[in-house]
Number of protein chains: 2
Amino acid sequence: MSRVMIIGAGGVGRVVAYKCAEYPEVFTEFMIASRTQSKCDEIAADIKSDLGYDKITTAAVDAEDVPALTKLIKDYDPFMVIHVALPYQDLTIMDACLEAGVHYLDTANYEPKEEAKFEYSHQWAYQEKFKLAGLTAILGCGFDPGVTSIFTARAATHFFDEIHYLDIVDANAGDHGKAFATNFNPEINIREITQPGKYWENGKWVEIPAFSIRKDLTYPDIGPKESYVLYHEELESLVKHFPTLKRARFWMTFGDEYLTHLRVIQNIGMAGIEPVMHKGVEIIPLEFLKTVLPDPGGLGEGYSGQTSIGCRIRGIKDGQERTYYIWNNCSHERAYRETRAQGVSYTTGVPAMTGAMMLIQGKWDGTGVYNVEQFNPDPFLEVLGKHGLEWHEEVGADLEL
Amino acid sequence: MSRVMIIGAGGVGRVVAYKCAEYPEVFTEFMIASRTQSKCDEIAADIKSDLGYDKITTAAVDAEDVPALTKLIKDYDPFMVIHVALPYQDLTIMDACLEAGVHYLDTANYEPKEEAKFEYSHQWAYQEKFKLAGLTAILGCGFDPGVTSIFTARAATHFFDEIHYLDIVDANAGDHGKAFATNFNPEINIREITQPGKYWENGKWVEIPAFSIRKDLTYPDIGPKESYVLYHEELESLVKHFPTLKRARFWMTFGDEYLTHLRVIQNIGMAGIEPVMHKGVEIIPLEFLKTVLPDPGGLGEGYSGQTSIGCRIRGIKDGQERTYYIWNNCSHERAYRETRAQGVSYTTGVPAMTGAMMLIQGKWDGTGVYNVEQFNPDPFLEVLGKHGLEWHEEVGADLEL
């Protein structure tokens, strides 16, 4: 029915490619492009061997080189680009999509290399350009942002007249057996979690020192885990699109060992994003750290345990206070068996493919730039479980918060 | 009386230069040479301003470039070279000294860059060359190795018929106020302490996992500190030169936070000495870590507390068992006031200057390669206190070991 182009050949790119290949009636053929073509070739070979799907083309491209990328898109002529490379590259890929006249989808908002801020302003500024071009740009269609935003939209649509308190809770109770590794790009992960925490309350942002609010939260099938309030990008669009929210927070679990490693990484200067001169070469410490740390894409084998991510919501329905919890648990082992990638890549890649399917099938539409909670959540959630991410909901749940 | 050339302009080079300038009747003039001439100039300017001594020449030199270094030595024509640059450079500097016909002194044994082994074999192999040239090479004349070896020689000469048990105990109870910093070159420090521990017992080396033997030892004026057995290079020459030793160990204090940082540095791969490819450039993680960590030479200001290093010895005198403890305590603040360097640089630099003085004054002599315990300890220890490192001894001390 449609050809798409996937940019990025890390763990998430691998999952998107596997999932597209599982629905050949929708994704009739596709390209995987990344800086390193051999990584694309490896994914294509694995898919051919595991699924027998052989409609994959691969290419090498620098996603920050707009003319080269535009030419590649024009030559391949896909319906849309699914961008699962680096968030630094959102804007150049959006530019190339506009030039080439194709739709766009990503899983993480643009962040300039030189400052660790997570905000949508850069991409929302493309609103008019995409409208004028008659194209759709879907922002943040991974798990969080992505499914958490769609979970919130489901709650607001079907279970509440007004949602007042939103707590997104993200647990990774997996064990990869390594002394230290991040579950996705360490550069992005460390930038994200070392910044000050921030949450929305009573119409404004409240900034807190990193890791200063902590609570034992109980996750389904996992049990209690120390969870910390940190800033996460979907909060920005959710408080905009659900203005009844009195408070919106994001919680993530971290073990003591992980936090110790993080603290030391900061203490020794390896979390720095300013270049330092080393033997006549400018090196950014955090980029070099990424080079020496285990590749998150290689954590899959032997990764046990599961993730649990969901939304805990309190609000009003028919004049009564109500609580509601909606969540997905994902097994690292099952993710690896299916795609040779671990659960954190899986939970990001499956929604990206599903969002692309929504656009291809016309179940989501509109021109301009969209966050996923602006679309109808129902068709997406109808197929998400079949796509590998079963979800559950409970009205009247004990939110603990 | 003599001109000398100091190679190295880090914290130790700074101390050696200050101490030479304090004895102009011995060190009539000297040169400081290092890769970065501006660091030499800075030391020379500080000394001129603090002490009024202005007989310092500076030069830029690559200590691994034997022809260039030989030429520099020949042009300046010193009595001897005091090498306080990197231990990797011991052999090239020894070669240049032989070529130029000048004496040599260092504070740490040669170590090839590609393997973290600490052994004297490489330098002992220069025995014949120095003998034939009629020159003296003094190895390991800092504090440890250096003063600890001379302390042991004093014990063996004056207090025992046979020394049987030697425990060198090295405490740094200072506080530099930084989250993490090493007290000397982090590259060398981390290589040294992350290797397996090793000690001498009953005629052979016993290897143990790093940090596996630990004991609370009480240091004079400091109190109890967690101390760990690790391998330290003077053990090799001491068991050779004092064959009555039944056991020889080296203990160093480490705080829990220091060990946590070290463990994380290893876990994340930053202690590695194999090059990794990063953006097309080969980078050795441990070398890059050195670039981002605080410069040990800059730790002096505000560094409080003191070091305590000494030898705890058990042996036989006149048929009776006897114990003996000899030690120095050094205040970081006092070291900084005098030389603008911290105590660990000070305790290394003062003995280097004192050893050079011994050779210049003919109190130590002989051609060939010598470890410092092979010389007469008395003239050295007679002046060491006056030079800034007062020492104390106690016969019948409680060794705790």
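What counts as what
Residues numbered from 1 in each chain as written. Chains lettered and ligands numbered in written order. Predicted model: local features only at pLDDT ≥ 70, side-chain atom pairs only at ≥ 80, totals over all residues. Heavy atoms only, no water. Helix = DSSP H or I, 4+ residues; strand = E, 2+ residues; numbered from the N terminus. Buried < 20%, exposed > 50% of the residue type's maximum accessible area, 1.4 Å probe, protein only. Contact = heavy atoms within 4.5 Å. Areas by Shrake-Rupley, 256 points an atom, 1.4 Å probe, with all protein chains shown as cover. Lys, Arg positive; Asp, Glu negative; His and termini not counted. Charge placed at Lys NZ, Arg CZ, Asp CG, Glu CD. Phe/Tyr/Trp six-rings, centres within 6.5 Å; stacked < 30°, edge-to-face > 60°. Lys NZ or Arg CZ within 6 Å of the ring centre and 35° of its normal. Axes fitted to C-alpha atoms, helices over the stretch in contact; angles between N-to-C directions. Parallel < 35°, antiparallel > 145°, perpendicular 65-115°, else oblique. Left-handed = near helix turned anticlockwise from the far one by under 90°. Nonpolar A, V, L, I, M, F, W, Y, C, P; charged D, E, K, R; others polar. 1 Å grid on protein atoms, 1.4 Å probe; cavity = no way out; pocket = protein on both sides within 12 Å on 5 of 7 lines; lining within 4 Å. Points joined across faces, edges and corners; volume = space filled by probe spheres on them. Salt bridge = Lys/Arg side-chain N within 4 Å of Asp/Glu carboxyl O. UniProt positions renumbered as here; feature names shortened; annotations may be inferred. Expected span 1.5 Å × (residues − 1). Domains from an automatic or database assignment. Buried area = accessible area lost by both parts, 1.4 Å probe. Polar contact = N/O pair within 3.5 Å; in protein donor to acceptor, adjacent residues only side chain to side chain. Pairing = 2+ DSSP bridges.

The name that an unreviewed UniProt entry assigns to chain A is Saccharopine dehydrogenase (NAD+, L-lysine-forming), with the source organism given as Neolewinella aquimaris.

Novice: How should I be thinking about the overall build of chain A in this particular structure?
Specialist: The helix and strand inventory of chain A stands at 14 helices and 18 strands. Buried residues in chain A amount to 59% of all 401 residues. Within chain A, contacts between residues separated by at least 24 positions form 74% of all contacts whose residues are at least 6 apart in sequence. Carbon and sulfur atoms make up 46% of the accessible area of chain A, which amounts to about 14,900 Å² in all. If you average the places of the 37 positive and of the 58 negative side-chain charges in chain A, the two averages end up 0 Å apart.

Novice: Quick question: what am I supposed to make of the packing of aromatic side chains here?
Specialist: Here a ring pair, both rings aromatic, is described through the centre-centre distance and the interplanar angle of the planes. All names here are of chain A. A complete count under the given rule lists 37 aromatic pairs over all chains for this structure. Their ring planes at 25° and their centres at 4.6 Å tell us that Phe159 and Tyr324 sit as a pair that is stacked. One end of the pair, Phe159, is in helix H7 (residues 147-159); the other, Tyr324, is in strand S16 (residues 320-331), with 165 residues separating them in the sequence. Pair check on accessibility: Phe159 and Tyr324 agree, each one buried. Site record: aromatic cluster; members linked through ring pairs are Phe180, Phe211, Tyr228, Phe254 and Tyr258. Sitting above the plane of the Tyr126 ring, Lys129 keeps its charged end 4.6 Å from the centroid.

Novice: Help me out: how do you make sense of the packing of helix H11 (residues 285-292) of chain A against helix H11 (residues 285-292) of chain B in this one?
Specialist: Geometrically, a packed helix pair is captured by the angle between its two axes and the distance between the axes. At a minimum axis distance of 12 Å, the contact between H11 of chain A and H11 of chain B shows a crossing angle of 155°. In terms of their interaxial angle, H11 of chain A and H11 of chain B are classed as roughly antiparallel. Classified by chirality, the crossing of H11 of chain B by H11 of chain A is left-handed. Across the interface between the two elements, Pro285, Phe288 and Val292 of chain A of H11 of chain A pack against Pro285, Phe288 and Val292 of chain B of H11 of chain B. Residues belonging to the contact of H11 of chain A with H11 of chain B are distributed by class as follows: six nonpolar, no polar and no charged.

Novice: Explanation requested: empty space enclosed by the protein in the structure shown.
Specialist: The rolling of a water-molecule-sized probe over the atoms marks out the regions of remaining empty space. Within this structure, the stated rule accounts for four cavities of 30 Å³ or more. Forming the walls of the largest cavity are Glu192, Ile193, Gln195, Pro196, Gly197, Ala210, Phe211, Val229, Leu230 and Tyr231 of chain A.

Novice: Looking at this structure, how should I read the packing of helix H12 (residues 332-339) of chain A against helix H13 (residues 343-360) of chain A?
Specialist: Residue and element names in this part refer to chain A. It is the contact of H12 with H13, at a shortest axis distance of 8 Å, that shows an interaxial angle of 70°. In terms of orientation, H12 and H13 fall into the roughly perpendicular class. The chirality of how H12 crosses H13 is left-handed. Across the interface between the two elements, His332, Arg334, Ala335, Glu338 and Thr339 from H12 touch Gly343, Val344 and Tyr346 from H13.

Novice: What exactly am I supposed to notice about the pattern of salt bridges here?
Specialist: For side chains bearing opposite charge, pairing can occur when the charged atoms are close. Per the stated rule, a full pass over the model turns up 38 salt bridges over all chains. One salt bridge connects Asp46 of chain B with Arg340 of chain B, and the closest N-O pair in it is separated by 2.9 Å. In this pair, Asp46 of chain B is assigned in helix H2 (residues 37-51) and Arg340 of chain B in the loop between helix H12 (332-339) and helix H13 (343-360), connecting sequence segments 294 residues apart. The shortest N-O distance in the salt bridge between Glu226 of chain B and Arg214 of chain B comes to 3.0 Å. Note that Glu226 of chain B is positioned in strand S11 (residues 223-229) and Arg214 of chain B in strand S10 (residues 214-219), a separation of twelve residues in sequence. Overall, Glu226 of chain B belongs to the partly exposed group, its relative accessible area being 26%. Linked by salt bridges that have partners in common, Arg14, Glu42, Asp46, Asp50 and Arg340 of chain A make up one network.

Novice: Please clarify how the UniProt feature "domain: Saccharopine dehydrogenase-like C-terminal" (unreviewed entry) in chain A should be interpreted in this entry.
Specialist: Per the UniProt record, "domain: Saccharopine dehydrogenase-like C-terminal" (unreviewed entry) is found at residues 142-389 of chain A. End C-alpha atoms of residues 142-389 of chain A are separated by 12 Å, and the span's content is 34% helix alongside 30% strand.

Novice: Can you walk me through helix H1 (residues 11-22) of chain A in this structure?
Specialist: The periodicity of an α-helix, 3.6 residues per turn, causes residues three or four places apart in sequence to face the same way. All names here are of chain A. A rise of 1.5 Å per residue sets the reference length of H1, with its twelve residues, at 16 Å; its end C-alpha atoms lie 17 Å apart and thus fit the reference within 8%. Counting buried residues in H1 gives eleven out of twelve residues, a clear majority hidden from the surface. Within H1 the residues assigned to the buried category are Gly11, Val12, Gly13, Arg14, Val15, Val16, Ala17, Tyr18, Lys19, Cys20 and Ala21.

Novice: Could you clarify how one ought to interpret the domain arrangement of chain A in this entry?
Specialist: By a widely used convention, the size of an interface equals the accessible area lost when the partners come together. Residues and elements named next belong to chain A. Domains assigned within chain A are domain 1 (2-139) and domain 2 (147-339 + 389-395). Here the C-alpha centroids of domain 1 and domain 2 sit 24 Å apart. The partner domain 2 presents 17 residues to the 22 residues of domain 1 that form the contact. A combined buried area of about 1,700 Å² lies between domain 1 and domain 2, and 50% of that area is made up of carbon and sulfur atoms. Among the residues of domain 1 in contact with domain 2, Phe118, Tyr120 and Trp124 are the three that bury the most area, contributing 36% of the side total. Where domain 1 meets domain 2, there are two salt bridges. For the pair domain 1 and domain 2, the interface holds eight residue pairs in polar contact (both at pLDDT 80 or more). Sorting the residues of the side of domain 1 that touches domain 2 by element identifies H1 and helix H5 (121-124) as the ones contributing at least two each. Considering each element in turn, the side of domain 1 that touches domain 2 owes the most residues, six residues, to H1. Considering only residue class, the side of domain 1 that touches domain 2 consists of eleven nonpolar, three polar and eight charged.

Novice: What is the right way to look at the sheet that holds strand S3 (residues 56-60) of chain B in this model?
Specialist: Within a sheet, each strand pairs with its neighbour through backbone hydrogen bonds, oriented either parallel or antiparallel. All names here are of chain B. Spatially, the seven strands line up as an open sheet ordered S3-S2-S1-S4-S5-S6-S17, and their pairing is parallel. The sheet is open, and its two borders are formed by S3 and strand S17 (368-371), each paired with just one other strand. Adjacent strand axes in the sheet meet at a mean angle of 20°, parallel and antiparallel pairs treated alike. In the sheet, strand S2 (residues 27-34) pairs with S3 via five bridges, with the strands oriented parallel. When the bridges of S3 are listed, Phe30 appears paired with Ile56. Packing of helix H1 (residues 11-22) onto the sheet brings it into contact with strand S1 (2-7), S2 and strand S4 (80-83), and relative to S2 it is tilted by some 165°.

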